[in-house]
Amino acid sequence: MEFYQCKHEFVCGVDLHSKMMYICIMNRKQEILVHKPIKNKNLVEFKKALEPYRGKILVVSEACFPYYWLYDFLAKIKVDFQLGHPFYMGLIHKGKVKNDKLDSKKIAKLTLNDSLPPAHACSKGIRSLRDLARRRSSFVQDRSALMTHIKIQGYQSNIDDIGKITKVKIRENKIAPIFKDEDLRVNVELNLNTIDFLNEKIDNLEKYIVSRMNQLFFKNFTLLKSIKGIGDIIAQTILLEIDDINRFPNHKGFASYCRVVKCSHDSAGKKLGYGNSKIGNPYLRNAFGEAAVKMAQHNSSIKKFFNKLEIKHGTGKAYAILSHKISRSIYHMLKKGVEFDIKLFLK
């Protein structure tokens with residue numbers, strides 16, 4: 001974790017909420033110049049508070065869901081903005097006393113002391129598309145949960161011949177009649193109708209997102225899809241979640257963000273194990289995990305390499321090693337604009 005190095009003369013710490021915010025403006029001597037609550041709708045008052053320090057002030061907020069409008073507003077009035085990573089900002093969350101006034105002051109002090117753990121603010125141009133892709137992912141999970149529930153209902157009734165729940169089976173009504181109990185059949189039909197509805201919405205979303213990806217990232221989107229095993233969904237997830245590959249100084253930082261490496265814990269020269277494995281981007285972790293499975297299926301050379309890893313380390317660790325190698329390769333592909341080199345990958 002590298003801390004943000006503040007070079008501004010003034011800092012405005014913002015404790016942001018859905019309807020209001022508490023601001024604290026400090027100078028380099030950590031003297032409080034402004035400290036008050038402002039309603040989010042009252043942008044005139046917020047702009048007026050920042051006006052005397054324009055060109056010399058940095059606005060800092062904890063990374064939370066309402067920050068989009070703040071990022072856009074500050075960009076519009078040309079005021080610098082930085083997000084803080086909520087997980088690492090323990091001074092705020094672990095304090096004995098906690099309130100909005102104190103939190104905004106702490107955010108400003110952390111920044112002035114060069115102790116702010118930075119977080120990335122997604123570019124405005126792709127932010128909504130990224131959220132739409134995440135919404136699609138949520139719908140897919142909901143659909144899978146409904147399919148699993150139907151399977152469970154079948155096992156409860158000693159029915160194990162449902163098979164794969166496909167669009168054709170749903171539309172031809174081949175699943176619900178298997179269940180003889182009327183109440184149970186109504187329950188199954190409800191699940192099937194919801195699945196059918198989600199199928200249509202997911203298909204429409206995927207077509208729309210792919211068309212937008214071709215507009216925004218045609219070169220890199222095509223570059224990633226040239227790898228056997230990586231299709232539209234994996235490629236779009238990787239590109240939208242990365243935002244800008246140049247924000248990662250090297251492939252190690254990128255791999256850590258993608259959650260494809262372990263976080264070792266050492267103390268006094270002793271290895272204590274691993275931890276904090278869920279710090280990072282879960283969407284990239286899932287994408288690279290799926291890419292490892294698909295690339296091993298569709299590429300004979302990678303399949304042989306995976307089989308050797310599996311014999312030596314076991315299936316789970318073999319996929320983890322493969323995911324790490326894929327993330328490293330994609331980092332260099334996007335950074336340098338080069339095609340996938342299978343020989344270099346297998347070294």
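Each chain has its residues counted from 1, following the order in which its sequence is written. Only residues with pLDDT of at least 70 get local features here, since the model is predicted, and only at 80 or more are side-chain atom pairs given and counted; chain-wide, interface and lining totals rely on the full set of residues. Just so you know, side-chain values use all the structure's heavy atoms and leave hydrogens and water out.

(A) Highlighting the overall build of the chain. Of the regular secondary structure elements, the chain holds 14 helices and 8 strands. Projected onto its principal axes, the C-alpha positions of the chain cover 70 × 55 × 45 Å. Taking contacts inside the chain between residues at least 6 apart in sequence as the whole, the part at least 24 apart equals 60%. Between the mean site of the 61 positive side-chain charges and the mean site of the 34 negative ones, the chain shows a separation of 7 Å. Helix and strand labels come from DSSP, where a helix needs a run of H or I of at least four residues and a strand needs a run of E of at least two; each type is numbered from the N terminus. Note on contacts: a residue pair qualifies if any of its non-hydrogen atoms lie within 4.5 Å across the two residues. The charge count includes Lys and Arg as positive and Asp and Glu as negative, but it does not include His or the ends of the chains. Charged side chains are reduced to one point each, which is NZ for Lys, CZ for Arg, CG for Asp and CD for Glu.

(B) Molecular detail of the pattern of salt bridges. Every case where a carboxyl oxygen of Asp or Glu lies within 4 Å of a side-chain nitrogen of Lys or Arg is listed as a salt bridge. This model, assessed by the stated rule, comprises 11 salt bridges. The partner of glutamate 172 in a salt bridge is lysine 174, with the nearest N and O atoms 2.9 Å apart.

(C) Spatial organisation of the packing of aromatic side chains. Only the six-membered ring of Trp is used, alongside the rings of Phe and Tyr, when aromatic pairs are assigned; centres must lie within 6.5 Å, and planes under 30 degrees apart are stacked while those over 60 apart are edge-to-face, with the rest tilted. Under the criterion given, the structure shown has 11 aromatic pairs. Both rings, one in tyrosine 67 and one in tyrosine 68, keep their centres 5.0 Å apart while their planes meet at 85°; by these two values the pair is edge-to-face. Taken together through their ring pairs, the aromatic side chains of Phe248, Phe254, Tyr257, Phe288 and Tyr331 make up a single cluster. Over the aromatic face of tyrosine 68 sits the side chain of arginine 127, whose NZ or CZ is 4.3 Å from the ring centroid. A ring is considered to have a charge above it if a Lys NZ or an Arg CZ atom is located within 6 Å of its centre and within 35 degrees of its normal. Looking at lysine 325, its charged tip hangs above the ring of phenylalanine 345, at a distance of 5.4 Å from the centre.

(D) Here's a closer look at helix α1 (residues 43–50). Within α1, the full set of buried residues consists of Phe46, Ala49 and Leu50. Buried positions in α1, seen along its axis, are confined to an arc of 95° and lie on one side of it. Away from its buried face by more than 90 degrees, α1 exposes Val44 and Lys48. Buried-residue contacts for α1 involve β1 (10–16), β2 (20–27), β3 (32–39), β4 (57–62) and α2 (67–76). Note on exposure labels: buried denotes an accessible area under 20% of the residue type's maximum, exposed denotes more than 50%, and partly exposed covers the range between, all computed with a 1.4 Å probe on protein chains only. This arc describes the spread of directions from the helix axis toward the C-beta atoms.

(E) Looking closely at a positive patch on the surface. Patch membership is restricted to residues that have no salt bridge and whose relative accessible area is over 30%. Joining uses 9 Å for like charges and 5 Å for the nonpolar side chains Val, Leu, Ile, Met, Phe, Trp and Tyr. Accessible surface area values rest on a Shrake-Rupley calculation with a 1.4 Å probe, where residue burial reflects the displayed protein chains alone. A grouping of Lys262, Lys271, Lys312 and Lys317 is seen on the molecular surface, where their side chains present a positively charged patch. Along the polypeptide, lysine 271 turns up in strand β8 (residues 270–274).

(F) Spotlight on α2. Taken together, the buried positions of α2 are occupied by Tyr67, Leu70, Phe73 and Leu74. Viewed along the axis of α2, the buried residues span an arc of 125°, placing them on a single side of the element. Exposed residues pointing more than 90 degrees away from the buried face of α2 are listed as Ala75 and Lys76. Tucked inside the fold, the buried residues of α2 contact β1, α1, β4 and β5 (80–84). Positive backbone phi, at 60°, marks lysine 78, one or two positions downstream of α2.

(G) Here's a closer look at the nonpolar core. Nonpolar cores were defined as sets of buried Ala, Val, Leu, Ile, Met, Phe, Trp, Tyr and Cys residues, with membership established by side-chain atoms within 4.5 Å. In terms of nonpolar packing, the biggest core is built from 69 residues, with Leu74 and Ile330 touching the most fellow members. Setting aside residues up to four positions removed in sequence, leucine 74 forms contacts with Phe46, Leu50, Val59, Val79 and Phe81.

(H) Spatial organisation of the sheet that holds β5. Reading across the sheet, the 6 strands line up as β3-β2-β1-β4-β5-β6 and stay open at both edges, with mixed pairing between neighbours. Of all strands in the sheet, those with a lone pairing partner are β3 and β6 (118–119), marking the two edges. Inspection of the sheet shows β5 paired to β6 by 2 bridges, in the antiparallel sense. When the bridges of β6 are listed, glycine 84 appears paired with proline 118. Note on pairing: DSSP must find at least two bridges between two strands before they are called paired.

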